[in-house]
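What follows is the residue order along each chain.
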Amino acid sequence: MTAPAWIHPTPPTADDARPLTDEQVAQWRTGGASVVQDLLPPALIAAAGNDARDHYGTIDRDGPGDFGSDGQLVFPADRGHVNEITLHPRLLAAVAQLLGCPVRELRLTQSDLWAKWGRSQPVDDPYDNNDQRIHVDYPNHMLTHPPTWDAPEAVEMIIYMDRVEGCGGATGVVVRTGDDDPAYPYPIIDTPGVGPYPWVNDRGRAEELMLSVDQSAADWRAAHLYAREQQVHYSPGTVLLYRLDTWHRGTPIVPGALRVVQNITFRRAESEWISTVHQGWSWAAYRRSQSFERLIARCSVDQRTVLGFPAPGHRSWTTATIDAVGQRYAPHGIDLSEYRAAIDN
């Protein structure tokens, strides 16, 4: 087997307001992907990884694999490390850099701490995620199609909590090389789940299906996608920042190994056609623990806003509504002074 071409991560800046370097921002905007090491505190990454390993330790690892934690470690989770990573100020600042907008113009649409495991025997299932077909994520995140390349609407990320040497499962990425890159024609339609191609996850099954429907599309995928795939050389704290229109895929995990990642997506506030993947955040207020109410109370104004909480100065805020919200969250210590100041001025 040919050794993969690696994408190695680079360090961020120490500036919490602009944690990504100019080169990292340019890589994402022009190439569709940037890989950063230790954007978040290592201790936080380790704690979240332990949360996931505790949760997944008893999972049957010989059945078909699929994406996500089945809602168990989705934001807002009762295990707080998921939430802390999701709303970490350096993470929000990095996304704002990539999209070129203030943090308060971002909206969270996805955050899930999940695991992928290597099996001792292959599973004959077209929807298994062990060796994925190369794909883009827009079909199951948005109702429309991504705009042309220079107007991105969302940032996706994979935050790794293990080492590639022990786990395998490196994410494959096709880096865009410019406006005339043959791997990135517009629109992006030659992928399972779009147009005439049924949705299949397993690489072998998917490419057989593509070949049966349109040989030219299958040949194009072989020549311009798989042949150019690079893989992320990850370790705990590596973050792959990519886009809804970036070609990528998951590769097999070492048998017996467990790889933990957190997948997070933010969109521009105005891009309402990009869907929230999970149940609405407010549904968590039905929990007896009241962990969500405490989370809202202790969030910064920016953090609340990316969840859809109206920003200071929004027309929904009046003295009456601020007082009402204050009474709802008063037992949890919420500070609404910035919202009050915005209507007083």
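Our structure is the block above this text.
First things first, this report covers the structure right here in the doc.

Parameters and conventions
Residues numbered from 1 in each chain as written. Predicted model: local features only at pLDDT ≥ 70, side-chain atom pairs only at ≥ 80, totals over all residues. Heavy atoms only, no water. Helix = DSSP H or I, 4+ residues; strand = E, 2+ residues; numbered from the N terminus. Buried < 20%, exposed > 50% of the residue type's maximum accessible area, 1.4 Å probe, protein only. Contact = heavy atoms within 4.5 Å. Areas by Shrake-Rupley, 256 points an atom, 1.4 Å probe, with all protein chains shown as cover. Salt bridge = Lys/Arg side-chain N within 4 Å of Asp/Glu carboxyl O. Polar contact = N/O pair within 3.5 Å; in protein donor to acceptor, adjacent residues only side chain to side chain. Phe/Tyr/Trp six-rings, centres within 6.5 Å; stacked < 30°, edge-to-face > 60°. Lys NZ or Arg CZ within 6 Å of the ring centre and 35° of its normal.

**Describing the overall build of the protein chain**
Looking only at helices and strands, one finds 11 helices and 9 strands in the protein chain. Within the protein chain, buried positions represent 53% of all 345 residues. Sequence separation of 24 or more characterises 82% of the internal contacts of the protein chain that already satisfy a separation of 6 or more. Accessible surface, the protein chain as shown: approximately 15,600 Å² in total, 51% of it carbon and sulfur.

**A closer look at the pattern of salt bridges**
Using the criterion set out here, one finds 14 salt bridges in the structure. Of the charged contacts in the structure, one is a salt bridge between Arg-53 and Asp-162, with a shortest N-O distance of 2.6 Å. Here Arg-53, found in helix H2 (residues 42-56), pairs with Asp-162, found in the loop between strand S4 (154-160) and helix H5 (164-167); they are 109 residues apart in sequence, far enough to count as distant. A relative accessible area of 10% places Asp-162 in the buried class. As a salt-bridge pair, Arg-243 and Asp-245 come within 3.0 Å of each other at their nearest N and O atoms. Among the residues examined, Arg-243 registers a relative accessible area of 1% and is labelled buried. A single salt-bridge network, built from bridges that share partners, covers Arg-104, Asp-302 and Glu-338.

**A short note on helix H1 (residues 22-31)**
Listed in full, the buried residues belonging to H1 are Gln-24, Val-25, Trp-28 and Gly-31. Elements in contact with the buried residues of H1: strand S2 (33-37), helix H4 (89-99), S4 and strand S7 (238-242). Gly-32 occupies a position one or two residues after H1 and carries a positive phi of about 90°.

**Brief notes about the environment of Thr-86**
Tracing the backbone shows Thr-86 in helix H3 (residues 80-86). Along the chain, Thr-86 and Glu-338 lie 252 residues apart, while their C-alpha atoms are 23 Å from each other. Those residues in contact with Thr-86 that sit more than four places away from it in its chain are Phe-75, Leu-91, Leu-92, Leu-108, Ser-111, Gln-262, Ile-264 and Phe-266. Reaching out from Thr-86, the side chain makes a polar contact with the backbone oxygen of Val-82 at a distance of 2.6 Å. There is a polar contact of 2.7 Å between the side chain of Thr-86 and the side chain of Ser-111.

**A closer look at the packing of aromatic side chains**
Ring pairs (aromatic) are described by centroid distance and by the angle formed between their planes. A complete count under the given rule lists 10 aromatic pairs for this structure. When the ring of Tyr-127 is compared with that of Trp-199, the centres are 5.6 Å apart and the planes differ by 10°; the resulting orientation is stacked. Of the two residues, Tyr-127 is situated in the loop between strand S3 (106-117) and S4 and Trp-199 in the loop between strand S5 (172-173) and helix H6 (203-213); the sequence distance between them amounts to 72 residues. Consider the rings of Phe-309 and Tyr-339, whose centres lie 5.9 Å apart with planes at 65°: the pair is edge-to-face. Of the two residues, Phe-309 sits in the loop between helix H9 (301-306) and helix H10 (319-329) while Tyr-339 sits in helix H11 (residues 337-344), which places them 30 residues apart along the sequence. Considered together, Phe-309 and Tyr-339 belong to a single accessibility category, that of buried residues. In this structure an aromatic cluster arises from ring pairing among Phe-309, Trp-317 and Tyr-339. The ring of Trp-28 carries Arg-243 above its face, with NZ or CZ at 5.2 Å from the centroid. The cationic tip of Arg-243 hangs over the ring face of Trp-149; the distance from NZ or CZ to the ring centre is 3.6 Å.

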